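Below are the chains, spelled out letter by letter.
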Amino acid sequence: MENKSIISISRLIKRFPMGKDEFTALRDISLTFTEGEFAGLIGPSGSGKTTLLNIIGSLDVPTEGEALVLGRSIGKLTTREAARLRKENIGFIFQSYNLLAVHTVYENVEFPLLLLNIPSAGRHKMVMDALEWVGLTDKVRSKPPQLSGGQCQRVAIARAMVKKPSLVLADEPTANLDADNSHHILQTMETLNRELKTTFIFATHDDKVISYLHRKIFLLDGRVDKDEIIRSNKR
Amino acid sequence: MIKFLIKGLWRDKSRSRLPIIVVTIGVTLTVLMHAYITGFMGDTIEMNARFTNGHIKVMSAAYAENMDQMPVDLALMNVEELITSLRDGYPETEWAARIKFGGLIDAPDSRGETRSQGPAIGFGIDLLSSQSRETQRLNLEKALRQGKMPSGPGEILLSDAFATKLKVAPGDTVTLIGSSMNGSMTMYNFIVAGTISFGVEIMDRGTIIADISDVRMALDMPDAAGEILGFMNTGFYDNTKALEIAGDFNRKYLTDTDEYDPVMKSLSQQGNMGQYVAMSEIWSMYVSLIFIFAMSLVLWNAGLLGGLRRYGEVGIRLAMGEEKGHVYRSMIWESVIIGLVGSVLGTALGIFFAWLIQTYGINISGMMRGASVMLPDTIRARISPPDFYIGFIPGLISTVLGTMLSGIGIYKRQTARLFKELEA
Ligand SMILES: Nc1ncnc2c1ncn2[C@@H]1O[C@H](COP(=O)(O)OP(=O)(O)OP(=O)(O)O)[C@@H](O)[C@H]1O
Ligand SMILES: [Mg+2]
């Protein structure tokens, strides 16, 4: 089965200004991702994982080269177009959950749907479905400070998945979780990947995450060091 | 979406209640300060109004020219009639005839020979009629040091220092030697009912206060008065209003031909008072401006910090695909709500406290001992129209500007940078 490409990165370079000099975080990256992948950017700290993920997520722009995400060239989008791309097609999961602390679990998950102007009737079902996927239907009224880290990250997954985006970007999603919780959320994401065909791209150096990946892209010093595709996953 | 934002605003105490409290306090202080300054400046004016100038004053044109000399020969005639028409024409003002005069006070010994003598400035005011408010206006009962208030014809009050100098005490008889309205010398005996001291040097030197009927008798000036003072019923000097009344009166009564025509002058048109009124307006403006400026800085900062503190939340919302402009506008709207609520509460509180100080006053007589200018011993705030909007300058405008400024960071920064700060 040949899936269509949803991300295509060619000769991408990212430099950051550092005082008078510049620091090159990504040097000549070329990569393609196809629909439904469960891939990870792997590498030591400072290798450029987050930088690449931010560019794919249109939170940052390439200095040189091109990043085509869902047919749109990231470097050429206006902030408004970039916001629209994120709103409609991309879900984010962060290391530190980044939930809105004063809002309930329900409201946090509902937020992306509000941005999409989905009518309230449909919204309720979508939020409840998303909470069902992550097994948190009994916590709808809780607020993030009342939840454990694992539960928070599950809310974050529900928030990223609720609009059924084509692409989910997860930056070190297990870094703050213990082994049990890590496996739990990884299994959840694997299931969602399988059932909804959502593309997942991780940035990680956690072996637990790596063991779930179907594709491992090793970054070193801002370059792709190795790109392994694992057809059958054996843990 | 709006519901979502309002929920966030309401639940996050540091985003709603705390800033509202800060804005409320700032606005309260601003309003209170403004009312206090207006009151303080106004009180000094009131003091002069009560003792000398009135809010407005009617005199003969010739008397007005020579006001300092207290020329009784240039006094107004047919005062009864004039006051009646003043009452009808300007019902918002209360009128009181007074005669100011100069003379010698002579204290005789038991054989009628002069024992001591001194120059005096006399005030003939309505002391005895029941509807007169002159006693209150000059605060005479408080100023009484020895004896009692005059209760019948022929009784006077003498300033305490003057009485000591003349070695007279309540119950003694003194003789006024002066000149009558038509220029002849007159002598008239009075009984000293009591002595007074205002704590103001110029009023405590050689003052005698007598009932206006006695003075009319003594100086042979029936139904005449040097001046008719008008006091606005509000209790406060209103320069615009005073000028308006004076202008209206003068159009009706004043001709170029007769120097005995009555002329009306507002307090600001008498002597140096004009300068003082102008100065007090400028001062209260300056002090208020400085205070508003300071409060604005504080609230600006509060708005700024409130915005900066939220970069994390802003980062999340941007990552979810909310537009920068939308995030920015929602922050501005929140600050408008906070600024408005705080300004309304603060204005209400400020006016309430100002009202308390306006009604009950703060006694500062301890601090004012020995002052030689006429300063009031009680400070009263005064609520004026600007108090109802002045607090909105720091409360609303500065709060919103502070938020706007902090929000610019959202535009300047790369979205990814907001995240770096968020992750940290
Ligand atoms: N905004 C920035 N300005 C300057 N340098 C930056 C910026 N963002 C990242 N860098 C630098 O780019 C390099 C790559 O950073 P990046 O965050 O992508 O690393 P990473 O692989 O995600 O590391 P970690 O595992 O620690 O999260 C680092 O050396 C970092 O210091
Ligand atoms: Mg990283």
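Along each chain, residues carry numbers from 1 onward, in the same order as the chain's sequence is written. Note on labels: chains are lettered from A, ligands numbered from 1, in written order. This being a predicted model, a pLDDT of at least 70 is required before a residue's local features are given, and a value of 80 or more before pairs of side-chain atoms are given or counted; all residues contribute to the totals for chains, interfaces and linings. Derived side-chain values reflect all non-hydrogen atoms in the structure, with water molecules and hydrogen atoms excluded from consideration.

Chemist: Is there a simple way to explain the overall build of chain A in this structure?
Modeler: Numbering of helices and strands starts at the N terminus; helices are DSSP runs of H or I of at least 4 residues and strands are runs of E of at least 2. Within chain A, the regular secondary structure consists of seven helices and 10 strands. A radius of gyration in this sense is built from C-alpha atoms; the matching globule rule multiplies 2.2 Å by the number of residues raised to 0.38. Taken over the C-alpha trace, chain A has a radius of gyration of 18 Å; the compact-globule value for 235 residues is 18 Å, and the two agree within 12%. With respect to the principal axes defined by its C-alpha atoms, chain A has extents near 50 × 45 × 40 Å. Counting every position in chain A, which comprises 235 residues, the buried fraction comes to 54%. Between two residues, a contact is recorded if the distance between any of their heavy atoms is within 4.5 Å. By sequence separation, contacts in chain A at least 24 residues apart represent 69% of the contacts at least 6 residues apart. By the counting scheme adopted, Arg and Lys are positive, Glu and Asp are negative, and His together with the chain ends is not counted. For this purpose, a charge sits on NZ of Lys, CZ of Arg, CG of Asp or CD of Glu. Chain A carries 32 positive and 28 negative side-chain charges, and their two centres are separated by 4 Å. Buried means the residue's accessible area, taken with a 1.4 Å probe over protein chains only, is under 20% of the maximum for its type, while exposed means over 50%, and partly exposed covers the values in between.

Chemist: Any chance you could explain the sheet that holds strand β6 (residues 90-93) of chain A here in plain terms?
Modeler: Paired through backbone hydrogen bonds, the strands of a sheet run either parallel or antiparallel to each other. All names here are of chain A. Ordered by their spatial adjacency, six strands build an open sheet running β6-β7-β8-β3-β9-β10, and the pairing between neighbours is mixed. Of all the strands in the sheet, just β6 and β10 (223-229) have a single pairing partner and so form its edges. Put simply, the sheet's adjacent strands are angled 15 degrees from each other on average, direction ignored. Angles here are taken between N-to-C directions and fall from 0 to 180 degrees, while the axes themselves are lines fitted to C-alpha atoms, restricted in helices to the stretch in contact. Across the sheet, helix α2 (residues 79-89) is in contact with β6 and β7 (167-171); its angle to β6 comes to roughly 80 degrees. Docked against the sheet, helix α6 (residues 179-196) engages β3 (38-42), β6 and β8 (199-204), running at close to 150 degrees with respect to β8. A strand pair is defined by DSSP finding two or more bridges across the two strands.

Chemist: In this structure, what is going on with the packing of helix α5 (residues 149-161) of chain A against α6 of chain A? I would like to understand it.
Modeler: Each packed pair of helices is defined by two parameters, the angle between the axes and the distance between the axes. Residue and element names in this part refer to chain A. Two elements in contact, α5 and α6, have axes whose closest approach is 10 Å; the angle formed by their N-to-C orientations is 15 degrees. In terms of their interaxial angle, α5 and α6 are classed as roughly parallel. The way α5 lies across α6 gives a crossing that is right-handed. Residues G150, Q153, R154, I157 and M161 of α5 form the contact with α6, whose participating residues are N181, H184, I185, M189, L192 and L196. Under this scheme an angle from 65 to 115 degrees is roughly perpendicular, one under 35 degrees roughly parallel, and one over 145 degrees roughly antiparallel; angles in between are oblique. Two helices that cross are described as forming a left-handed crossing if the nearer one is turned anticlockwise from the farther one by less than a right angle, and a right-handed crossing if clockwise.

Chemist: In this structure, what is going on with the interface of chain B and chain A? I would like to understand it.
Modeler: Counting residues at the interface gives 22 residues for chain B, matched by 26 residues for chain A. Two parts placed together each lose some accessible area under a 1.4 Å probe, and adding up what both lose gives the buried area. Summing both sides of the interface, chain B and chain A together bury roughly 2,300 Å²; the carbon and sulfur share of this comes to 64%. Together, F4, R11 and M320 of chain B form the three largest contributors to the area buried by chain B at its contact with chain A, with a combined 31%. Basic side-chain nitrogens of Lys or Arg form a salt bridge, by our definition, when they fall within 4 Å of a carboxyl oxygen of Asp or Glu. If you look at where chain B meets chain A, you find three salt bridges. Elements supplying a minimum of two residues to the side of chain B that touches chain A: α1 (2-11), α12 (311-319) and α16 (415-423) of chain B. Each residue receives one of three labels: charged for Asp, Glu, Lys and Arg, nonpolar for Ala, Val, Leu, Ile, Met, Phe, Trp, Tyr, Cys and Pro, and polar for the others, Gly being one of them. The residue inventory of the side of chain B that touches chain A, partitioned by class, reads nine nonpolar, four polar and nine charged.

Chemist: Looking at this structure, I do not really get the packing of aromatic side chains. What am I missing?
Modeler: Aromatic ring pairs are defined here through the distance separating the ring centres and the angle between the ring planes. In summary, the pairing rule links any two rings of Phe, Tyr or Trp, Trp by its six-membered ring, whose centres are within 6.5 Å, and it sorts them by plane angle into stacked for under 30 degrees, edge-to-face for over 60 and tilted for everything else. Counting across every chain of the model gives 11 aromatic pairs over all chains. Ring geometry for F111 of chain A and F4 of chain B: centres 4.8 Å apart, planes at 35 degrees, overall tilted. Of this pair, F111 of chain A sits in helix α3 (residues 105-115) while F4 of chain B is found in helix α1, placing the two residues in two different chains. Each member of the pair, F111 of chain A as well as F4 of chain B, is classed as buried. Ring centres of F249 of chain B and Y253 of chain B lie 4.3 Å apart, and the angle between their planes is 15 degrees; on these two criteria the pair is classed as stacked. With F249 of chain B and Y253 of chain B both in helix α10 (residues 239-253) and four residues apart, the pair spans about one turn of that helix. Ring-pair connections join several aromatic residues into one group, and the members of that group are F38, F200 and F202 of chain A.

Chemist: When you look at the packing of helix α2 (residues 17-53) of chain B against helix α13 (residues 324-360) of chain B in this model, what are you seeing that I'm missing?
Modeler: Residues and elements named next belong to chain B. Direction vectors running N to C along α2 and α13 enclose 40 degrees, while the axes themselves pass 7 Å from each other. Relative to α13, the element α2 is oriented oblique. Our pair here, α2 against α13, has a crossing hand that is right-handed.

Chemist: Got a minute to help me understand the site of ligand 1 in this structure?
Modeler: Note on terminology: near, applied to a residue and a molecule or strand, indicates that one of the residue's heavy atoms is within 4 Å of it. The immediate surroundings of ligand 1 are formed by 15 residues, with S45, G46, K49, T50 and T51 of chain A found nearest. By the criterion applied in these results, polar contacts are pairs of N or O atoms within 3.5 Å in which, for protein atoms, one can donate a hydrogen and the other can accept it, and in which residues neighboring in sequence qualify only through two side-chain atoms. A distance of 2.5 Å separates an oxygen atom of ligand 1 from a polar side-chain atom of S45 of chain A. K49 of chain A is positioned such that a nitrogen or oxygen atom in its side chain is 2.8 Å from an oxygen atom of ligand 1. In the complex, the protein chains occlude 73% of the 630 Å² of accessible area that ligand 1 would expose alone. When contributions to the shell around ligand 1 are tallied by element, the ones reaching two or more residues are β2 (21-34) and α1 (49-56) of chain A together with α16 of chain B. Here the shell around ligand 1 is composed, by residue class, of four nonpolar, seven polar and four charged. Note on areas: Shrake-Rupley with a 1.4 Å probe; residue coverage comes only from the protein chains shown.

Chemist: What exactly am I supposed to notice about the domain arrangement of chain B here?
Modeler: Per the annotation, domain bounds derive from an automatic or database assignment of domains. Assigned domains of chain B: these are domain 1 (2-47 + 276-423) and domain 2 (95-226). When each unit is reduced to the centre of its C-alpha atoms, the spacing between domain 1 of chain B and domain 2 of chain B is 53 Å.

Chemist: Would you take a moment to explain the nonpolar core for this structure?
Modeler: Nonpolar side chains tend to gather and get buried jointly when the protein is soluble and globular. Here, nonpolar core refers to any group of buried Ala, Val, Leu, Ile, Met, Phe, Trp, Tyr and Cys residues whose side-chain atoms link them within 4.5 Å. Grouped together as the largest cluster of nonpolar side chains are 50 residues, with contacts concentrated most on V58, L86, W95, I228 and M264 of chain B. With six residues, strand β2 (residues 93-108) of chain B is the single largest residue contributor to this core. The residues contacting I228 of chain B, other than those within four sequence positions of it, are I56, K57, V58, L76, V79, L82, I83, L86, W95, A96 and A97 of chain B. In this structure, F38, V109, C152 and A158 of chain A belong to the second largest nonpolar core, which totals 38 residues.

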